[in-house]
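Per-entry structural report
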Amino acid sequence: MKRLITLRPADWLLVSLLLAISFLPWLVGFEKNTVAVLKVDGQIKKKFPLTPQQHYTYRYRAPDGDTNVIEIKDQKIRIKQASCPDQRCVQQGWIEHPAETLICLPHKLSVTITGGDQVDH
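The following refers to the structure shown. (Residues numbered from 1 in each chain as written. Predicted model: local features only at pLDDT ≥ 70, side-chain atom pairs only at ≥ 80, totals over all residues. Heavy atoms only, no water.)

**A look at the environment of Ile 103**
Threshold: Per the convention used, a helix needs a DSSP run of H or I reaching at least four residues, while a strand needs a run of E reaching at least two, with both numbered from the N terminus. Residues are treated as being in contact if the distance between any of their heavy atoms lies within 4.5 Å.
Following the sequence through the fold, Ile 103 ends up in strand 6 (residues 101-104). Each C-alpha atom of the pair Ile 103 and Ile 79 lies 8.9 Å from the other, and the pair is 24 residues apart in sequence. Setting aside chain neighbours within four positions, we find Ile 103 in contact with Cys 89, Gln 92, Leu 109 and Ser 110.

**Some thoughts on the sheet that holds strand 1 (residues 34-40)**
The following threshold applies: A pair of strands is labelled paired if DSSP reports no fewer than 2 bridges between them. Fitting a line to C-alpha atoms yields each axis, with helices limited to the stretch in contact; the angle taken between N-to-C directions then spans 0 to 180 degrees.
Across the sheet, four strands lie side by side as 2-1-7-6; this open sheet has antiparallel pairing. Each edge of the sheet is formed by a strand with only one pairing partner; in this case those strands are strand 2 (43-49) and strand 6. Direction aside, neighbouring strands of the sheet carry axes that sit 20 degrees apart on average. As paired elements, strand 1 and strand 2 share six bridges and run antiparallel to each other. Looking across to strand 2, one finds that Leu 38 is bridged to Lys 46.

**Quick word on the environment of Asp 41**
Condition: Categorising residues by exposure relies on relative accessible area from a 1.4 Å probe, with only protein chains included: less than 20% of the type maximum marks a residue as buried, more than 50% marks it as exposed, and the intermediate range marks it as partly exposed.
Relative to the elements of secondary structure, Asp 41 occurs in the loop between strand 1 and strand 2. The exposure class of Asp 41 is exposed, given its relative accessible area of 58%. Sequence separation between Asp 41 and Lys 108 is 67 residues; the distance between their C-alpha atoms is 5.1 Å.

**Section: the packing of aromatic side chains**
In this description, a pair of aromatic rings is defined by centroid distance and the angle of the planes. This is how it is decided: Ring pairs shown here join Phe, Tyr and Trp side chains whose ring centres sit within 6.5 Å, with only the six-membered ring taken for Trp; geometry is labelled stacked below 30 degrees between planes, edge-to-face above 60, and tilted in between. In our convention, an over-ring charge means Lys NZ or Arg CZ found within 6 Å of a ring centre and within 35 degrees of that ring's normal.
Following the criterion strictly, the structure yields one aromatic pair and no others. The interplanar angle of 65 degrees and the centroid separation of 5.3 Å between the aromatic rings of Phe 48 and Tyr 58 together place this pair among those described as edge-to-face. Taken as a pair, Phe 48 in strand 2 and Tyr 58 in strand 3 (residues 55-61) lie far apart in primary sequence, ten residues in all. Exposure remark for Phe 48: the relative accessible area of 0% places this residue in the buried category. When the ring centre of Trp 94 is taken as reference, the NZ or CZ atom of Lys 76 above it lies at 5.4 Å.

**Section: the pairing of strand 7 (residues 109-115)**
Judged from the seven bridges that link them, strand 1 and strand 7 form a sheet pairing that is antiparallel. The residue bridging Thr 34 from the neighbouring strand is Gly 115, located in strand 7. Linking two consecutive strands that pair antiparallel, namely strand 6 and strand 7, is a turn of four residues; a positive phi of about 55 degrees is found at Lys 108 within it.

**A look at the pattern of salt bridges**
Quick note on the threshold: In what follows, salt bridge is the name for a side-chain nitrogen of Lys or Arg lying within 4 Å of a carboxyl oxygen of Asp or Glu.
Counted by the stated rule, this structure contains two salt bridges. We note a salt bridge from Asp 86 to Arg 88, for which the minimum N-O separation is 3.8 Å. Note on Asp 86: relative accessible area 34%, which makes it partly exposed. Its relative accessible area of 59% is what places Arg 88 among the exposed residues.

**Re a nonpolar patch on the surface**
Going by this rule: Residues qualify for a patch when their relative accessible area is over 30% and they have no salt bridge, like charges being joined within 9 Å and the nonpolar side chains of Val, Leu, Ile, Met, Phe, Trp and Tyr within 5 Å. Surface exposure here means Shrake-Rupley accessible area, sampled with a 1.4 Å probe, where a residue is shielded only by the protein chains that are shown.
A cluster of nonpolar side chains, namely Ile 5, Leu 7, Trp 12 and Val 15, defines an oily patch on the protein surface of about 460 Å² accessible area. With respect to the element layout, Val 15 can be found in helix 1 (residues 9-22). Of the residues examined, Val 15 reaches a relative accessible area of 44% and is grouped as partly exposed.

Written as structure tokens, this is what we have:
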């Protein structure tokens, strides 16, 4: 006859504590200041804070007239409009996690999400 394993109250407490600890990195990750970095031809042009309940757009206009409209909303970012012919950067949609990147190859433009404390407005 098999013996069933029963958990005592202290065992439940330990399991609950371990479960709570396992979610700690996820919770701490969202508390950090997350920023999106706009680079053109490898040079940083602007940093955007990605904070909750924030919604605005930013228009980047290059000296040659190329434009990209970047939208920030609820800790996500996307390229909303672009003057490039293929529109692949617009089709990429929203990104929201560190290390994700949007790229507009014709304009040599990229937007990458990073964690960091310094944000230029």
